[in-house]
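Fold and geometry: a report
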Amino acid sequence: MSANDVVVSGISGRFPLSDNTDQLAKNLYDKVDMVTGDDTRWPVDLYDMNPRMGKIMDFNKFDSTFFGLMEQMMNEVDPQARMLLEVVYEAIADAGVNPQDLRGGRTGVYVGVSIYANTQGYPEDIQPDIRNNLQAAVLNSMSNTKTFYASRISFVFDLKGPSMIVDTACSASNVDSAVVCGTHMLFEPFVLQFQQEGGLCSQRGVAAVLDQEADGFIKGEAVCCNFLQYRKNARRVYATVLAAKMNIDGFKTIGMFFPSAEAQEELMTEAYKEAGVDPLDLTFFEAHCTGTKAGDPQEIKAIYNAYCKGPGRETPLPLGVLKSNMGHSEAGSGTAAIIKVCIAYENECIPPNLNMTQIKDECAVYCPPLEPIMESLPYEPGLAGINNFGIGGANAHVLLEPNYKLGTNDSLKIAQTIPRIVNICGRTERSVKHIMDFIENNPKKITNDFLALLAQTMRFKPNVNSSGFPYKGSLIIKKISEENNEIKYEYKKQTGVMKGKTLRQLWLLFPGLGGQWPAMAKALMPIKIFADKVEECHQILQEFGIDLKNLLLSEDKTTISTMTAKF
């Protein structure tokens, strides 16, 4: 373990039927098939194709003024670009970092995105003599340029590190560090039509990954972000990145689009050797497998050779396939896979795959020791591998190690000796109350670490370029009982709103000696941080003949009366 280790410190995303990572986790563990066939995107009988795909359901809302952007311009921007700003903010905050603290710093932005040709359609005819028409055409053309996905994030958050988009098809989002995003949404039905007709996508509309009846992959959507930091700067650690490597197949006589088991195996082997990892220590593998006839057998063969046959594995290797649950999110699939592994780490349980009745013959020869997970599997977090590859031959492989820090019962003791105040700010009164209700209704999730992370992100400074967090709230938590290792708390809430953007005035109070009394600090000494500071100050003042602990803790009334003389 090193201070310069790269760690995953924050995660966020939008997924099919899942507005955040908590909903994604619930859907995974509840075995919800997130692939749907409704008409929310286009008519179900359009082009005589199967409409089933994994769709992000709520994508039409965006608070442009919060991010300091022109509403007129953002109305022309596609939903992926808008949601990228939201999930970046959320992932940074999830790490316990206030996004404002990154402004002006060298934080890199890397966005994986799939760009299909001819999907923007034809613009309306421009009428140069009509100003509104010309302005709308220019805004539409400029705002929807995909190269702005990364630069827009850097602009909004004032991040001055490298900023780029990466398109290596499905493996696009497993490349670099810092703010690492992956995004894929589908608004052009002809893309799905062509890929179903061509046999790439399933005509049955079933994400039957590794199954004998699999007939192609299902389109899925994701807009997600991993926030990566050096360990020395991280306030939260989901996982440590032990290795992140890429290669490409190069020339193949069978053609550019056919995956190479040999290249993938070579990449996996290089990754664990360079990281100094024993491949037999791997406890979980999240595969790229999508449901295609060519891709799945090639990848399973590569995993088997690299992690089983070569090192001589005798124990089962659990195999996860996120695409069986939500479809293939293409350029977002690598980032989504990392988030799934973090979910497994946090819950100490590997979510089940779906739609596997009989494993495909070409893959069955490798199972066991490879073991596709069909029911939730209790899991002691350990070394995990993640594979990702693109249709053009680019391969990516990541090795993650969990944060081995164990939670204790003491971590749930959030207000012991004195009540605890939690300050909250939000864009609306509803958002403030939502956080308050979450804290009150989820006592098993609210730890001292959680509240420490929350406190940092709530220190919002007024910004003339943003509508900010004008609504404020305070939640006072007081312990009322503790029985059988179960603590009950009382919650008192209050909210308000700041109508101006100026900093509040600083008030200084000087109570004088009238605010002193015998043993004035005695009641606070059970609070460790207070007692430690008193002891620290006591040691310093002893050199000047001042017994601070006696002054603060003695019940003798004469101690106070002689205080002026001592100082």
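Residues numbered from 1 in each chain as written. Predicted model: local features only at pLDDT ≥ 70, side-chain atom pairs only at ≥ 80, totals over all residues. Heavy atoms only, no water.

Below, the discussion takes up the overall build of the protein chain. Counting its secondary structure elements, the protein chain contains 17 helices and 16 strands. For the protein chain, with 567 residues in total, the buried portion stands at 50%. If you take every contact in the protein chain between residues at least 6 apart in sequence, the share linking residues at least 24 apart comes to 76%. Looking at the protein chain as shown, the accessible area adds up to about 28,200 Å², and 53% of this sits on carbon and sulfur atoms. (Helix = DSSP H or I, 4+ residues; strand = E, 2+ residues; numbered from the N terminus. Buried < 20%, exposed > 50% of the residue type's maximum accessible area, 1.4 Å probe, protein only. Contact = heavy atoms within 4.5 Å. Areas by Shrake-Rupley, 256 points an atom, 1.4 Å probe, with all protein chains shown as cover.)

To continue, consider the environment of A531. Tracing the backbone shows A531 in helix α14 (residues 528-542). The sequence separation of A531 and A521 amounts to 10 residues, and the corresponding C-alpha distance is 9.2 Å.

Before going further, it helps to spend a moment on the nonpolar core. Counting 48 residues, the largest nonpolar core has F67, F227, V422, I439 and I477 as the members making the most contacts within it. Of all the elements, helix α3 (residues 79-94) adds the most residues to this core, at 9 residues. Once residues within four sequence positions are removed from consideration, V422 is found in contact with I439, L451, L454, G473, S474, L475 and I477. (Core = buried A, V, L, I, M, F, W, Y, C linked by side-chain atoms within 4.5 Å.)

Before going further, it helps to examine the confidence of the model for the protein chain. Looking at the protein chain, pLDDT values average 83 and 84% of them are 70 or higher. Here residues 137-145 is modelled with pLDDT under 50, and outside its nearest four sequence neighbours on either side it reaches 14 contacts, counting other chains as well. (pLDDT = per-residue confidence, 0-100.)

A separate point is the sheet that holds strand β14 (residues 420-426). Within a sheet, each strand pairs with its neighbour through backbone hydrogen bonds, oriented either parallel or antiparallel. Strand order across the open sheet formed by 3 strands is β14-β15-β16, with antiparallel pairing between neighbours. Looking at strand neighbours, the two that pair on one side only are β14 and β16 (486-497), the edges of this open sheet. The mean inter-strand angle of the sheet, taken between neighbouring strand axes irrespective of direction, is 25 degrees. Looking at chain direction, β14 and strand β15 (residues 471-483) are connected through 7 bridges and run antiparallel. Paired with G426 across the two strands is Y471, which belongs to β15. (Pairing = 2+ DSSP bridges. Axes fitted to C-alpha atoms, helices over the stretch in contact; angles between N-to-C directions.)

A few words now on the side chain of N50. Along the chain, the position of N50 falls in the loop between α1 (21-29) and α2 (71-74). Judged by its relative accessible area of 17%, N50 falls in the buried class. A polar atom in the side chain of N50 sits 3.0 Å from the backbone nitrogen of R52. Side-chain polar atoms of N50 contact the backbone oxygen of R204, separated by 2.9 Å. Among residues more than four places away in sequence, those in contact with N50 are L192, Q196, Q203, R204 and G205. (Polar contact = N/O pair within 3.5 Å; in protein donor to acceptor, adjacent residues only side chain to side chain.)

End to end, helix α8 (residues 295-309) covers 20 Å across 15 residues, agreeing with the expected 21 Å (1.5 Å per residue, within 8%). Counting buried residues in α8 gives 12 out of 15 residues, a clear majority hidden from the surface. Listing the buried residues of α8 in full gives G295, D296, P297, Q298, E299, I300, A302, I303, N305, A306, Y307 and C308. (Expected span 1.5 Å × (residues − 1).)

Moving on: the pairing of strand β6 (residues 239-248). A regular strand carries its side chains on alternate faces of the sheet. The sheet contact formed by strand β1 (residues 6-14) and β6 spans 3 bridges and is antiparallel. Across the sheet, V7 pairs through a bridge with T240, a residue of β6. Relative to strand β13 (residues 394-402), β6 is paired through 9 bridges, and the arrangement is antiparallel. Directly across from T240, in β13, lies its bridge partner E401.

Evaluation of the coordinates by the stated rule reveals 22 salt bridges. K340 is the salt-bridge partner of E286, the closest N and O atoms lying 2.9 Å from each other. Here E286 is found in strand β7 (residues 282-286), whereas its partner K340 is found in helix α10 (residues 333-347), with 54 residues between them in sequence. We note that E286, like K340, is buried. Residue E482 is joined to K479 by a salt bridge in which the shortest nitrogen-to-oxygen separation is 3.2 Å. Judged by relative accessible area, which is 35%, E482 ranks as partly exposed. Salt bridges here are not isolated pairs; linked through shared partners, they connect R14, E86 and E90. (Salt bridge = Lys/Arg side-chain N within 4 Å of Asp/Glu carboxyl O.)

Attention shifts here to unusual backbone geometry. With omega at -5 degrees, the peptide bond leading from C367 into P368 counts as cis. Here the bond from P368 into P369 is cis, since omega is 10 degrees, no more than 30 degrees from zero. Topologically, P369 is positioned in the loop between α11 (361-364) and β10 (370-372). Within the chain, D48 stands out as a residue other than glycine whose phi angle is a positive 55 degrees. You can see D48 is positioned in the loop between α1 and α2.

Our focus in this paragraph is the packing of aromatic side chains. This structure, assessed with the given rule, holds 12 aromatic pairs. Arranged with centres 5.0 Å apart and planes meeting at 40 degrees, the rings of Y304 and Y366 form a pair that is tilted. With a gap of 62 residues between them, Y304 in helix α8 and Y366 in the loop between α11 and β10 connect regions that are remote in the sequence. Residue Y304 is classed as partly exposed on the basis of its relative accessible area of 21%. A residue is classified by how much of its surface remains accessible, and Y366, at 16% relative accessible area, is buried. By way of ring pairs, the aromatic residues F62, F66, F67, Y89 and F469 are connected into one cluster. The side chain of K232 reaches across the aromatic face of Y230, ending 5.8 Å from its centre. (Phe/Tyr/Trp six-rings, centres within 6.5 Å; stacked < 30°, edge-to-face > 60°. Lys NZ or Arg CZ within 6 Å of the ring centre and 35° of its normal.)

Before going further, it helps to spend a moment on the packing of helix α12 (residues 429-441) against helix α13 (residues 448-457). Look at α12 against α13: their axes get within 13 Å of each other, and the N-to-C directions meet at 170 degrees. By the angle between their axes, α12 is roughly antiparallel relative to α13. Across from I435, F438 and I439 in α12, the residues of α13 making contact are F450, L451 and L454. Grouping the constituent residues of the contact of α12 with α13 by class yields 6 nonpolar, no polar and no charged. (Parallel < 35°, antiparallel > 145°, perpendicular 65-115°, else oblique. Nonpolar A, V, L, I, M, F, W, Y, C, P; charged D, E, K, R; others polar.)

To continue, consider the pairing of β1. Of all 9 residues in β1, 8 are buried; the element is thus mostly enclosed. Sheet analysis places β1 next to strand β5 (residues 222-230), joined by 8 bridges and oriented antiparallel. Bridged to V8 within β5 is L228.

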